[in-house]
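Residues per chain, in single letters:
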Amino acid sequence: MNWKNVKLFSAAVIGASAIMTATTGTGVFAQGTSTSTVFNWSREAVSHIDMNENNTAPVIQMEDLEEMAPEYHVWDTWPLQDRNGNLAVVNGYKIIFALTVPSDVIPGKRHDTAGIRYFYSKDGQSWKVGGLLFNDGQALGSRQWAGSAIVDKNGKLHIFYTATGRKNETHLTYEQRLATATAEIKTTDASVTFANWSDHKVILEPDGQYYQTQEQAGQGESSYAFRDPYFFQDPKTGEEYLLFEANSAGSLAQRTCQPEHPNTDLTEESKSYNGSIGVAKAVNDNLTEFQILPPVLEANCVNEELERPGMIVKGNRYYLFTKTHHEKFALGLDAPEGLYGFTSASLMGGYQPLNGSGLVIANPQDNPYQAYSWMVMPNGTVISFVNYVDVDGQNIHEIGEQSPDYQREHFGGMLAPSLHLSITGDQTKVVHEKKQGVFH
Ligand code: FRU
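This text gives an overview of the structure that appears in the document. (Residues numbered from 1 in each chain as written. Predicted model: local features only at pLDDT ≥ 70, side-chain atom pairs only at ≥ 80, totals over all residues. Heavy atoms only, no water.)

### So, the overall build of the chain
Of the regular secondary structure elements, the chain holds 5 helices and 25 strands. For the chain, the C-alpha radius of gyration of 20 Å lies close to 22 Å, the compact-globule estimate for 440 residues. Projecting the C-alpha coordinates of the chain onto the three principal axes gives extents of approximately 65 × 50 × 50 Å. Every one of the 440 residues in the chain was classed for burial, and the buried ones make up 59%. Within the chain, residue pairs in contact and separated by at least 24 positions form 63% of the contacts whose partners lie at least 6 positions apart. (Helix = DSSP H or I, 4+ residues; strand = E, 2+ residues; numbered from the N terminus. Rg over C-alpha atoms; globule rule 2.2 N^0.38 Å. Buried < 20%, exposed > 50% of the residue type's maximum accessible area, 1.4 Å probe, protein only. Contact = heavy atoms within 4.5 Å.)

In structure tokens, the structure reads:
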């Protein structure tokens, strides 16, 4: 079973209301006495998706690629960044982090035992395996999912990650909390290591008012998310934030879809699609206390998983990116596995889909699962990992039913060739392919 399709059978709790009126693509989010306007990615925008040469990635030829760590499956990857989001350089080294498991694990099962490993490089292209980042048993969760990392004001590593499940749990659970820790970065001529780890601390949990708790997700909702923290410092104000993937609060019974699904029989089913991109503001210098704020974007009745959000600033505009799967769109929407993006003149709202629909990079039609988890760097370089290639027209569920050997053979589990994306106003274009593993 796909972990994202695990049904949660706990009783629904009546929480705050996330009441949607999506006629203009803007949801009115009422909470307590305050009401804020949150942009809702609309069915209308998604229905304008058009795959073309500006947004379709070149086909990946996996046999031409090299694995930086053949002994591991490597997927969601992020670099050590400075406060402007650029690739940081520490004593001549660039450092990246990735979710990994040993390569004998069945790819579809990798999320259950994921751990963060780090890699370092002097040329920013050929990466050496550093090892498990948290190797002293202190990391929170029964496994760790995606995050982001910055160099702290005092030169330390500051990592944010998803603590999934609970340490030593006997049954795998899907609880997701955002956690952080810091460490000193030690370099020699030959290596990078981390020392003097701080305690690991949970910094954010779903509040049930803006962001759905697991209890609210209850029966009938097919996916649950409160994960993938992304550090962002607003260059306009100097304020520091975490973006994260979440679901709009409330139980299924409390939601409505306006306008209705064109096939009104399906309106009821569209209600379970409640992906959102959350934000929280740092309220102390150590980045250990955050104030949870209303989401910057919701996809109510449209999409149920807006993964690994990221943000860059270009000119006077904010660019918010996220990635999602074909099957995470509500019924009747046909959208590719891809990178999607939105832009606004203000950080907290007013986002409009890039290119009219939101689609920024799609996998090509004849290799629809070739890459995933794209991350856009401020200079327009986009990294991702090789997911499933040459799958003979099968969909992701059918791939999951294939033998472990088939899955291992067709799963890349390595960095993909990077892409260069040009961004002008609300339009983007895939300009060309770059070398594999290049972040700058
Ligand atoms: C994206 C993702 C992330 C999550 C991780 C779990 O590929 O689903 O949202 O942190 O994979 O492995």
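Now that the structure is up, let's keep going.
### A closer look at the site of the ligand
The immediate surroundings of the ligand are formed by 14 residues, with Asp76, His111, Arg227, Asp228 and Glu307 found nearest. Within the contact set of the ligand, an oxygen atom lies 3.1 Å away from a backbone nitrogen or oxygen of Ala146. When the ligand sits alone it has 320 Å² of accessible area, and the protein chains cover 99% of it. At the level of elements, β3 (72-81), β7 (143-151), β12 (227-233) and β21 (371-376) are the ones that each hand at least two residues to the shell around the ligand. Its residues placed into classes, the shell around the ligand shows 6 nonpolar, 2 polar and 6 charged. (Near = heavy atom within 4 Å. Polar contact = N/O pair within 3.5 Å; in protein donor to acceptor, adjacent residues only side chain to side chain. Areas by Shrake-Rupley, 256 points an atom, 1.4 Å probe, with all protein chains shown as cover. Nonpolar A, V, L, I, M, F, W, Y, C, P; charged D, E, K, R; others polar.)

### A word on the pairing of strand β8 (residues 157-164)
Across the 8 residues that make up β8, a large majority, 8, are buried. Burial along β8 is two-sided: Leu157, Ile159, Tyr161 and Ala163 and His158, Phe160, Thr162 and Thr164, pointing in opposite directions, are all buried. Where β7 and β8 come together, 7 bridges link them in antiparallel fashion. By the bridge assignment for β8, Ala149 is matched with Ile159. Counted between consecutive antiparallel strands, the loop separating β7 from β8 contains 5 residues, among which Gly155 sits at a positive phi close to 85 degrees. Bridge count for β8 against strand β9 (residues 176-187) is 8 bridges, and the pairing is antiparallel. Note on β9: the bridge partner recorded for His158 is Thr182. (Pairing = 2+ DSSP bridges.)

### Let's talk about a negative patch on the surface
Together, Glu63, Asp64, Asp390 and Asp392 make up a region of like negative charge exposed at the surface. Take Asp64: it is sitting in the loop between α1 (43-46) and β3. (Patch = residues over 30% accessible without salt bridge, like charges linked within 9 Å, V, L, I, M, F, W, Y side chains within 5 Å. Salt bridge = Lys/Arg side-chain N within 4 Å of Asp/Glu carboxyl O. Lys, Arg positive; Asp, Glu negative; His and termini not counted. Charge placed at Lys NZ, Arg CZ, Asp CG, Glu CD.)

### Comments concerning the pairing of strand β23 (residues 411-415)
Buried residues dominate β23, accounting for 5 of its 5 residues. Two strands pair when backbone bridges link them, and strand β22 (residues 381-388) and β23 are joined in this way by 3 bridges, in the antiparallel orientation. Following the sheet pairing, Tyr388 is matched in β23 by Phe411.

### So, the environment of Lys281
Position of Lys281 relative to the elements: it lies in strand β14 (residues 274-282). Along the chain, Lys281 and Asp189 lie 92 residues apart, while their C-alpha atoms are 38 Å from each other. Not counting the four nearest positions on each side in its chain, Lys281 is found in contact with Glu239, Glu240, Tyr241, Glu289, Phe290, Gln291 and Leu293. Polar contacts involving the side chain of Lys281 include one to the side chain of Glu239, which spans 3.3 Å.

### Structural notes on empty space enclosed by the protein
Going through the model one piece at a time under the given rule, you end up with 3 cavities of 30 Å³ or more. One number sums up the size of the largest cavity: a volume of about 130 Å³. In this structure, the largest cavity is lined by 15 residues; those nearest its centre are Tyr230, Arg308, Pro309, Gly310 and Lys323. Every element with two or more residues in the lining of the largest cavity is listed here: β12, β16 (307-314), β17 (317-324) and β21. By residue number, the principal contributor to the lining of the largest cavity is β16, which donates 5 residues. Residue composition of the lining of the largest cavity, by class: 10 nonpolar, 2 polar and 3 charged. Estimates place the volume of the second largest cavity at around 70 Å³. Every residue lining the second largest cavity is listed: Ala57, Pro58, Ile60, Gln370, Ala371, Trp374, Ser384, Ala416, Pro417, Leu419 and Glu433. (1 Å grid on protein atoms, 1.4 Å probe; cavity = no way out; pocket = protein on both sides within 12 Å on 5 of 7 lines; lining within 4 Å. Points joined across faces, edges and corners; volume = space filled by probe spheres on them.)

### Some words on the environment of Gln258
Along the polypeptide, Gln258 turns up in the loop between β13 (240-247) and α3 (267-270). Accessibility expressed as a relative area gives 38% for Gln258, which makes it partly exposed. Along the backbone, Gln258 and Met311 are 53 residues apart, and their C-alpha atoms lie at a distance of 29 Å.

### Thoughts on the nonpolar core
Ranked by internal contacts, the top residues of the largest apolar core, which has 111 residues, are Trp41 and Phe97. One finds Ile203, Tyr224, Phe231 and Ala282 within the second-largest nonpolar core, a separate group that totals 18 residues. (Core = buried A, V, L, I, M, F, W, Y, C linked by side-chain atoms within 4.5 Å.)

### A few points about unusual backbone geometry
One non-glycine residue, Arg308, lies in positive phi territory at about 40 degrees. Structurally, Arg308 can be placed in strand β16.

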